Amino acid sequence: MTAPAKIRCDACPVLCYIAEGRAGACDRYANVQGVLTRLDPLVVLERQRGTGGAAVGFLGDDWQGELVPPPEKFVTAIGAGTTYPDYKPAPFIVSSPMDGVDMVTVVTEGIFSYCGVKVKIDTDRHLGPETATVRHQGEAVGHVTTAEYGSQMLSLGGVHHLTGGSKKEGRATCEALLALCNREAVELTIDGGAALVVQAGRAPVIDGVPEVRMRVGCGSAAIGMFAMQWFRHVDEVVVVDDHITGVLSEHQAGKLLDVPPTGIRIRGHRSTPGRYFRVAKPGQGWGGTDISDPLSILEPFEAKHARPGLKMLMVSTTGDHSGYYELDEALRPVARPMPQAVAASVARVQENCEPALCSVIFVAGAGGSLRAGVTENPVRLTQSVRAALTRVTSGGAPVYLWPGGGITYMVDVLDMPEKSFGYVPTPALVAPIEFTLRLADYAALGGHMDAVRPLAEVLGQGAQVTQGWSDSAWPLTRDRFPWGRG
Ligand code: SF4
């Protein structure tokens, strides 16, 4: 007896031959009794009225016999399959009315070789030098990029790591991206820096220590915010920060509060009054510096202004570190128990720090061949997106579109349904993308009109799961389109 013939999957360039009962290399397609079958169910969103928009009454005692509208549904591209090799229409091109306007949503999973994630890590701890290589399983998967206010930033993935290095590098990059996008924890190391565990929506773990607080602001900002609370209780405050260390008596906020000079002298580069750069090296000590003793950033006090008994608070930008000092007869700061009022001000700094989280933003270029699954004239789709006639969503979630050419978009993975992403071993990530526009506009841009199917026909066809979706994030809303406003 001869074995049943393998079937060939052409949903990505790998072109797996799949035996009966087996799955392809990406575990997304299988041979089910000789039929190529997408294994994950198609995710359909159902609008949950009353979760941020107008509520619909429950069919109860006050029902007067009027018709209850059917639930509104939106077909996402999660589990939809791809257009590859892209000469054919997208897997689902779904028509549905929206407030009396005929709309169409073109639904496809995109295979993205040009994609990556930006990871925002809320911490002022030094994770590694800017441009340092970030590794997963020892392979280079990205780099440290420009820090933002209160956060360290990583840029991971991209075509060079996915396809430009060794096979191992490509695989490690794909694995890290996939896990991060699917909200899983990923271990990373930074050359010359820290070991991290990063997970979307969770606190980062830095060298084995979970981060708790995001800093309240830079040292100068902290002086501005809390000067009023400090100047009656202490003579001097130093907010230690790797970027801008603030000094109350010299800062403009202290000047306006008539805080007299204290004779304090800070090591480092004085930028403007009360604001110092480079007081220490970056690290994981006080305020993202490498210091564990804050007095190490002070030169001896100037006798002209200092006096024995002068009270000084030194605090980090999160309030995690703090110390209270008084000058002795030799004008040397000596640690003393912190008075209650000063401790309360440190607690106020901590209270104003937001919880430290990791954010994962997926970035991809959809301006390539998948456009052919939408229209026979791909540039018309780009133009339509640019003109805001076509709205782009990813798993139903709103995306930010970069200006300029192409369709380069970003989406917060926490806005998307869980497990929205897949991969193919080329390697590349598979992400959902939907294009929604007026049916008339779709016809005008050369859309695949013969492939348009009404929503009712698509629903219930094949394996599907329905997921409730917030009213406020509902993708098919008139005012999301410029022509629908006002
Ligand atoms: S890797 Fe997946 S999508 Fe690509 S050909 Fe194989 S089964 Fe199909």
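Up top is the structure these notes are about.
Residues numbered from 1 in each chain as written. Predicted model: local features only at pLDDT ≥ 70, side-chain atom pairs only at ≥ 80, totals over all residues. Heavy atoms only, no water.

Undergrad: How should helix α5 (residues 340–351) be read in this particular structure?
TA: Residues lying three or four places apart along an α-helix face the same way, a consequence of the helix completing one turn every 3.6 residues. Here α5 is 12 residues long and its end C-alpha atoms lie 16 Å apart, about the 16 Å a rise of 1.5 Å per residue gives. Listed as buried for α5 are Val342, Ser345, Val346 and Val349. All buried residues of α5 project into a common sector of 100 degrees when viewed along the axis, lining one side. In α5, the exposed positions that point more than 90 degrees away from the buried face belong to Gln340 and Glu351. (Helix = DSSP H or I, 4+ residues; strand = E, 2+ residues; numbered from the N terminus. Expected span 1.5 Å × (residues − 1). Buried < 20%, exposed > 50% of the residue type's maximum accessible area, 1.4 Å probe, protein only. Arc of directions from axis to C-beta.)

Undergrad: Got a minute to help me understand the site of the ligand in this structure?
TA: Neighbouring the ligand are the residues Cys9, Ala11, Cys12, Leu15, Cys16, Gly24, Ala25, Cys26, Arg28, Tyr29 and Pro425. Of the residues belonging to the shell around the ligand, the class tally is 9 nonpolar, 1 polar and 1 charged. (Near = heavy atom within 4 Å. Nonpolar A, V, L, I, M, F, W, Y, C, P; charged D, E, K, R; others polar.)

Undergrad: Is there a simple way to explain the packing of aromatic side chains in this structure?
TA: Aromatic ring pairs are described here by two measures, namely the spacing of the ring centres and the angle between the planes. The final tally for this structure, using the stated rule, is 8 aromatic pairs. Their ring planes at 75 degrees and their centres at 6.3 Å tell us that Tyr400 and Trp402 sit as a pair that is edge-to-face. A residue is classified by how much of its surface remains accessible, and Tyr400, at 44% relative accessible area, is partly exposed. Both rings, one in Phe481 and one in Trp483, keep their centres 5.3 Å apart while their planes meet at 25 degrees; by these two values the pair is stacked. An aromatic cluster is present here, built from Phe112, Phe362, Tyr409 and Phe421 joined pairwise through their rings. (Phe/Tyr/Trp six-rings, centres within 6.5 Å; stacked < 30°, edge-to-face > 60°.)

Undergrad: Would you mind going over the pairing of strand β17 (residues 236–240) with me for this structure?
TA: Looking along a regular strand, one sees the side chains alternate between the two faces of the sheet. Counting buried positions along β17 gives 5 out of 5 residues, so the element sits mostly inside the fold. Burial along β17 is two-sided: the residues Glu236, Val238 and Val240 and Val237 and Val239 are all buried. As defined by bridge partners, β17 adjoins strand β23 (residues 311–316) across 5 bridges and the pair is classed as parallel. The partner of Val238 across the bridge, within β23, is Met314. Of the pairings in the sheet, the one linking β17 to strand β18 (residues 245–247) comprises 2 bridges and is antiparallel in character. Bridge pairing links Val239 to Gly246 in β18. (Pairing = 2+ DSSP bridges.)

Undergrad: How should I be thinking about unusual backbone geometry in this particular structure?
TA: Negative phi is the rule for most residues except glycine; trans is the rule for most peptide bonds. The omega torsion of the bond from Thr426 to Pro427 falls at -5 degrees, within 30 degrees of zero and hence cis. Assignment of secondary structure puts Pro427 in the loop between β31 (422–424) and β32 (428–438). Phi is positive for Asp258, close to 60 degrees, though the residue is something other than glycine. Summarising the element assignment, Asp258 is placed in the loop between α4 (252–256) and β19 (265–266). You can call Asp258 exposed: its relative accessible area is 66%. Within the chain, Ala388 stands out as a residue other than glycine whose phi angle is a positive 65 degrees. Structurally, Ala388 can be placed in the loop between α6 (378–386) and β27 (391–394).

Undergrad: Just checking my understanding: could you explain the sheet that holds β23 for this structure?
TA: One key point about sheets: their strands pair by backbone hydrogen bonds, in either a parallel or an antiparallel sense. Read from one edge of the open sheet, 7 strands run β20-β21-β18-β17-β23-β24-β25, paired in mixed fashion. The strands lining the two open edges of the sheet, one partner per strand, are β20 (269–272) and β25 (333–335). The mean angle between the axes of side-by-side strands here comes to 25 degrees, regardless of whether they run parallel or antiparallel. Sheet analysis places strand β24 (residues 322–327) next to β25, joined by 3 bridges and oriented antiparallel. The residue bridging Leu327 from the neighbouring strand is Pro333, located in β25. Relative to β17, helix α3 (residues 219–230) is tilted by about 150 degrees, and along the sheet it contacts β17, β18, β21 (275–277) and β23. Sheet strands touched by α5: β23 and β24. Its angle to β23, the strand with the most contacts, is close to 20 degrees. (Axes fitted to C-alpha atoms, helices over the stretch in contact; angles between N-to-C directions. Contact = heavy atoms within 4.5 Å.)

Undergrad: Please clarify how the pattern of salt bridges should be interpreted in this entry.
TA: Applying the stated criterion across every chain yields a total of 23 salt bridges. Where Glu72 meets Arg49, a salt bridge forms, and the shortest distance between an N and an O atom there is 2.6 Å. Of the two residues, Glu72 sits in the loop between β5 (42–48) and β6 (73–75) while Arg49 sits in the loop between β5 and β6, which places them 23 residues apart along the sequence. Here Arg49 falls in the partly exposed class, since its relative accessible area comes to 37%. A network of salt bridges, in which partner residues are shared, links Arg28, Arg38, Asp40 and Glu109. (Salt bridge = Lys/Arg side-chain N within 4 Å of Asp/Glu carboxyl O.)

Undergrad: Help me out: how do you make sense of the side chain of Thr76 in this one?
TA: Positionally, Thr76 belongs in the loop between β6 and β7 (92–98). Not counting chain neighbours up to four residues away, the residues in contact with Thr76 comprise Leu42, Val43, Leu45, Val107, Gly395, Gly396 and Glu434.

Undergrad: Looking at this structure, how should I read the packing of α3 against α5?
TA: The description of two packed helices rests on the angle between their axes and on the distance between the axes. For the pair α3 and α5, the least separation of the axes is 10 Å and the interaxial angle reads 155 degrees. With respect to α5, the element α3 is oriented roughly antiparallel. Considering how the two elements wind past one another, α3 and α5 form a crossing that is right-handed. Packed against α3, whose contacting residues are Phe226, Gln229 and Trp230, the element α5 presents Ser345, Arg348 and Val349 at the interface. Taken together, the residues that form the contact of α3 with α5 break down as 3 nonpolar, 2 polar and 1 charged. (Parallel < 35°, antiparallel > 145°, perpendicular 65-115°, else oblique. Left-handed = near helix turned anticlockwise from the far one by under 90°.)

Undergrad: Looking at this model, I keep getting lost on the environment of Ala147. Mind explaining?
TA: With respect to the helices and strands, the residue Ala147 is situated in strand β11 (residues 139–148). Among the residues examined, Ala147 registers a relative accessible area of 28% and is labelled partly exposed. On a C-alpha basis, the gap between Ala147 and His126 in space is 9.9 Å, while along the polypeptide they are 21 residues apart. Excluding residues that lie within four positions of it along the chain, Ala147 makes contacts with Glu130, Gln152 and Met153.

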